[in-house]
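# Report on the structure
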Amino acid sequence: MPEDATAREWMLAEEAVPIRLMATIWADVAGVHDDLCTADDLDAWLDATAVDRSGQGCTSAELDLARRLRDAVRRLAAQVTGDDREAARSATGDARAAVRDLNEVAAHLPGPRIMLADGVLQCTTSAPGSAVTGALARVAAESIALLGGPDADMLRACRAPGCVLYFVKTHPRREWCSVTCGNRVRAARRYEKVRSVR
Ligand SMILES: [Zn+2]
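First, a word on scope: everything that follows refers to the structure included in this document. (Residues numbered from 1 in each chain as written. Predicted model: local features only at pLDDT ≥ 70, side-chain atom pairs only at ≥ 80, totals over all residues.)

## Points about the overall build of the protein chain
The helix and strand inventory of the protein chain stands at 6 helices and 6 strands. Seen in sequence order, the protein chain has helices and strands lined up from the N terminus as α-β-β-α-α-α-β-β-α-β-β-α. Structurally, the protein chain occupies a C-alpha span of about 85 × 40 × 30 Å along its principal axes. Taking all 198 residues of the protein chain together, the buried fraction comes to 30%. Contacts in the protein chain between residues at least 24 apart in sequence constitute 58% of all its contacts with a sequence separation of at least 6. (Helix = DSSP H or I, 4+ residues; strand = E, 2+ residues; numbered from the N terminus. Buried ≥ 20, exposed ≤ 12 C-beta atoms within 10 Å, placed from the backbone. Contact = placed C-beta atoms within 7 Å.)

Here's what the structure looks like:
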(Lines give C-alpha, C1' and ligand atoms only; values in the text may rest on other atoms or scores of the structure.)
Protein backbone atom coordinates (compact mmCIF):
# COMPACT_ATOMS: atom_id res chain seq x y z
CA MET A 1 0.00 0.00 0.00
CA PRO A 2 1.50 3.38 -0.92
CA GLU A 3 2.27 5.41 2.12
CA ASP A 4 0.21 8.56 2.39
CA ALA A 5 2.30 11.35 3.91
CA THR A 6 -0.78 12.81 5.61
CA ALA A 7 -1.91 9.50 7.12
CA ARG A 8 -1.03 9.25 10.76
CA GLU A 9 -1.70 6.61 13.30
CA TRP A 10 -3.63 7.69 16.38
CA MET A 11 -4.17 5.83 19.61
CA LEU A 12 -7.60 4.28 20.26
CA ALA A 13 -8.81 5.35 16.80
CA GLU A 14 -12.06 3.39 17.20
CA GLU A 15 -13.18 5.19 20.36
CA ALA A 16 -15.38 8.23 20.99
CA VAL A 17 -13.86 11.66 20.38
CA PRO A 18 -13.25 12.62 24.08
CA ILE A 19 -11.38 9.32 24.62
CA ARG A 20 -9.37 9.98 21.45
CA LEU A 21 -8.57 13.50 22.61
CA MET A 22 -7.21 12.14 25.91
CA ALA A 23 -5.27 9.49 23.97
CA THR A 24 -3.16 12.17 22.26
CA ILE A 25 -1.02 11.68 25.38
CA TRP A 26 0.24 8.09 25.26
CA ALA A 27 3.20 6.06 26.39
CA ASP A 28 5.44 3.25 25.26
CA VAL A 29 8.75 1.88 26.50
CA ALA A 30 10.47 5.07 25.30
CA GLY A 31 8.27 7.23 27.57
CA VAL A 32 5.28 9.54 27.34
CA HIS A 33 4.43 11.09 23.96
CA ASP A 34 2.28 14.06 23.00
CA ASP A 35 0.53 13.96 19.60
CA LEU A 36 -0.70 17.57 19.80
CA CYS A 37 2.48 19.65 19.66
CA THR A 38 1.89 21.83 16.58
CA ALA A 39 -1.04 23.46 14.78
CA ASP A 40 -0.47 20.88 11.99
CA ASP A 41 -0.94 18.12 14.57
CA LEU A 42 -4.27 19.64 15.55
CA ASP A 43 -5.32 19.93 11.89
CA ALA A 44 -4.47 16.26 11.37
CA TRP A 45 -6.26 15.21 14.56
CA LEU A 46 -9.45 17.11 13.70
CA ASP A 47 -9.37 15.54 10.21
CA ALA A 48 -8.80 12.05 11.64
CA THR A 49 -11.65 12.38 14.12
CA ALA A 50 -13.93 13.98 11.49
CA VAL A 51 -14.66 17.00 13.69
CA ASP A 52 -15.85 19.56 11.14
CA ARG A 53 -14.06 22.92 11.04
CA SER A 54 -15.13 23.97 7.51
CA GLY A 55 -11.64 23.35 6.14
CA GLN A 56 -10.15 26.08 8.32
CA GLY A 57 -6.52 25.61 9.41
CA CYS A 58 -5.65 25.86 13.10
CA THR A 59 -3.72 28.73 14.64
CA SER A 60 -1.25 28.43 17.50
CA ALA A 61 -3.82 30.05 19.84
CA GLU A 62 -6.29 27.33 18.86
CA LEU A 63 -3.61 24.71 19.49
CA ASP A 64 -3.20 26.16 23.01
CA LEU A 65 -6.97 25.97 23.49
CA ALA A 66 -7.06 22.35 22.30
CA ARG A 67 -4.22 21.38 24.64
CA ARG A 68 -5.93 23.12 27.55
CA LEU A 69 -9.12 21.24 26.70
CA ARG A 70 -7.23 17.92 26.45
CA ASP A 71 -5.42 18.44 29.75
CA ALA A 72 -8.65 19.44 31.51
CA VAL A 73 -10.47 16.35 30.21
CA ARG A 74 -7.58 14.11 31.31
CA ARG A 75 -7.50 15.76 34.74
CA LEU A 76 -11.23 15.22 35.22
CA ALA A 77 -11.04 11.66 33.89
CA ALA A 78 -8.39 11.06 36.56
CA GLN A 79 -10.86 12.42 39.11
CA VAL A 80 -13.68 10.19 37.89
CA THR A 81 -11.55 7.03 37.74
CA GLY A 82 -9.52 7.60 40.94
CA ASP A 83 -6.45 7.46 38.71
CA ASP A 84 -3.21 7.19 40.66
CA ARG A 85 -0.99 5.90 37.83
CA GLU A 86 2.29 7.69 38.14
CA ALA A 87 3.05 7.51 34.41
CA ALA A 88 -0.22 9.26 33.51
CA ARG A 89 0.70 12.45 35.39
CA SER A 90 -2.96 13.44 35.16
CA ALA A 91 -4.05 12.89 38.73
CA THR A 92 -2.21 16.03 39.77
CA GLY A 93 -3.31 19.60 39.17
CA ASP A 94 -6.31 21.56 40.20
CA ALA A 95 -9.65 19.88 39.36
CA ARG A 96 -11.47 23.21 39.76
CA ALA A 97 -9.20 24.83 37.19
CA ALA A 98 -9.87 21.88 34.87
CA VAL A 99 -13.64 22.37 35.30
CA ARG A 100 -13.20 26.06 34.49
CA ASP A 101 -11.10 25.32 31.40
CA LEU A 102 -13.56 22.73 30.10
CA ASN A 103 -16.55 25.06 30.57
CA GLU A 104 -14.66 27.90 28.94
CA VAL A 105 -14.04 25.91 25.76
CA ALA A 106 -17.66 24.67 25.71
CA ALA A 107 -18.85 28.30 25.99
CA HIS A 108 -17.77 28.80 22.36
CA LEU A 109 -20.76 26.71 21.24
CA PRO A 110 -23.21 28.76 19.22
CA GLY A 111 -26.43 29.35 21.09
CA PRO A 112 -29.39 31.72 21.32
CA ARG A 113 -28.65 35.16 22.74
CA ILE A 114 -30.90 38.08 23.38
CA MET A 115 -29.93 41.67 22.75
CA LEU A 116 -31.44 45.08 23.27
CA ALA A 117 -31.19 47.35 20.21
CA ASP A 118 -32.77 50.80 20.43
CA GLY A 119 -35.08 49.61 23.19
CA VAL A 120 -36.20 46.55 21.18
CA LEU A 121 -35.37 42.99 22.21
CA GLN A 122 -33.92 40.87 19.42
CA CYS A 123 -32.96 37.22 19.24
CA THR A 124 -29.62 36.35 17.69
CA THR A 125 -27.39 33.32 17.53
CA SER A 126 -23.89 33.70 18.86
CA ALA A 127 -21.18 32.58 16.47
CA PRO A 128 -17.96 30.91 17.63
CA GLY A 129 -14.78 32.94 17.16
CA SER A 130 -13.72 30.59 14.37
CA ALA A 131 -14.71 27.26 12.85
CA VAL A 132 -11.91 25.63 14.88
CA THR A 133 -13.04 27.06 18.24
CA GLY A 134 -16.56 25.93 17.29
CA ALA A 135 -15.19 22.43 16.59
CA LEU A 136 -13.29 22.35 19.90
CA ALA A 137 -16.43 23.55 21.69
CA ARG A 138 -18.33 20.54 20.33
CA VAL A 139 -15.54 18.25 21.55
CA ALA A 140 -15.78 19.97 24.96
CA ALA A 141 -19.56 19.43 25.02
CA GLU A 142 -19.07 15.72 24.23
CA SER A 143 -16.45 15.51 26.97
CA ILE A 144 -18.81 17.13 29.49
CA ALA A 145 -21.50 14.60 28.53
CA LEU A 146 -19.03 11.75 29.09
CA LEU A 147 -17.55 13.01 32.38
CA GLY A 148 -20.85 14.13 33.91
CA GLY A 149 -23.26 11.68 32.29
CA PRO A 150 -24.19 8.03 32.87
CA ASP A 151 -21.12 6.71 31.00
CA ALA A 152 -18.82 8.28 33.64
CA ASP A 153 -19.37 5.15 35.75
CA MET A 154 -17.81 3.09 32.97
CA LEU A 155 -14.80 5.33 32.42
CA ARG A 156 -11.56 3.55 33.35
CA ALA A 157 -7.85 4.27 33.56
CA CYS A 158 -6.03 1.45 31.76
CA ARG A 159 -3.99 -0.43 34.36
CA ALA A 160 -1.67 -2.18 31.93
CA PRO A 161 1.92 -1.43 33.03
CA GLY A 162 3.06 1.99 31.83
CA CYS A 163 -0.21 2.79 29.99
CA VAL A 164 -1.57 6.34 30.40
CA LEU A 165 -4.81 5.95 28.42
CA TYR A 166 -8.46 6.03 29.45
CA PHE A 167 -11.30 4.01 27.98
CA VAL A 168 -15.00 3.37 28.44
CA LYS A 169 -15.72 -0.15 29.68
CA THR A 170 -18.10 -0.93 26.86
CA HIS A 171 -18.21 -4.64 27.73
CA PRO A 172 -18.31 -6.24 31.21
CA ARG A 173 -15.17 -8.22 30.42
CA ARG A 174 -13.23 -5.33 28.95
CA GLU A 175 -10.24 -4.66 31.22
CA TRP A 176 -7.78 -2.80 29.01
CA CYS A 177 -7.81 0.20 26.69
CA SER A 178 -6.78 -1.87 23.68
CA VAL A 179 -5.98 -5.35 22.41
CA THR A 180 -2.31 -4.34 22.49
CA CYS A 181 -2.44 -3.63 26.24
CA GLY A 182 -4.41 -6.84 26.89
CA ASN A 183 -1.83 -8.89 24.98
CA ARG A 184 1.01 -7.17 26.82
CA VAL A 185 -0.53 -7.98 30.20
CA ARG A 186 -1.22 -11.61 29.25
CA ALA A 187 2.34 -12.05 27.95
CA ALA A 188 3.75 -10.59 31.21
CA ARG A 189 1.53 -12.93 33.28
CA ARG A 190 2.63 -15.96 31.24
CA TYR A 191 6.25 -14.93 31.74
CA GLU A 192 5.71 -14.57 35.51
CA LYS A 193 4.05 -18.00 35.64
CA VAL A 194 6.90 -19.66 33.74
CA ARG A 195 9.43 -17.95 35.99
CA SER A 196 7.64 -18.96 39.19
CA VAL A 197 7.55 -22.69 38.29
CA ARG A 198 11.26 -22.76 37.48
ZN1 LIG B 1 -3.75 0.61 27.92
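## Remarks on the pairing of strand S3 (residues 112–117)
Little of S3 sits inside the fold, with 0 of its 6 residues counted as buried. Relative to strand S4 (residues 120–125), S3 runs antiparallel, the two being bridged by 6 bridges. Bridge pairing in S4 links arginine 113 to threonine 124. The turn joining S3 and S4, which pair antiparallel and follow one another in sequence, is formed by 2 residues; a positive phi near 50 degrees is taken by aspartate 118. (Pairing = 2+ DSSP bridges.)

## Comments concerning unusual backbone geometry
With a phi angle near 50 degrees, serine 54 is a residue other than glycine that sits in the positive phi range. With respect to the secondary-structure elements, serine 54 resides in the loop between helix H2 (39–48) and helix H3 (60–81). Residues other than glycine seldom take positive phi values, yet aspartate 118 does so here, at roughly 50 degrees. In this structure aspartate 118 comes out as exposed when scored by C-beta crowding, with 5 C-beta atoms within 10 Å.

The analysis is restricted to geometry; functional conclusions fall outside its scope.
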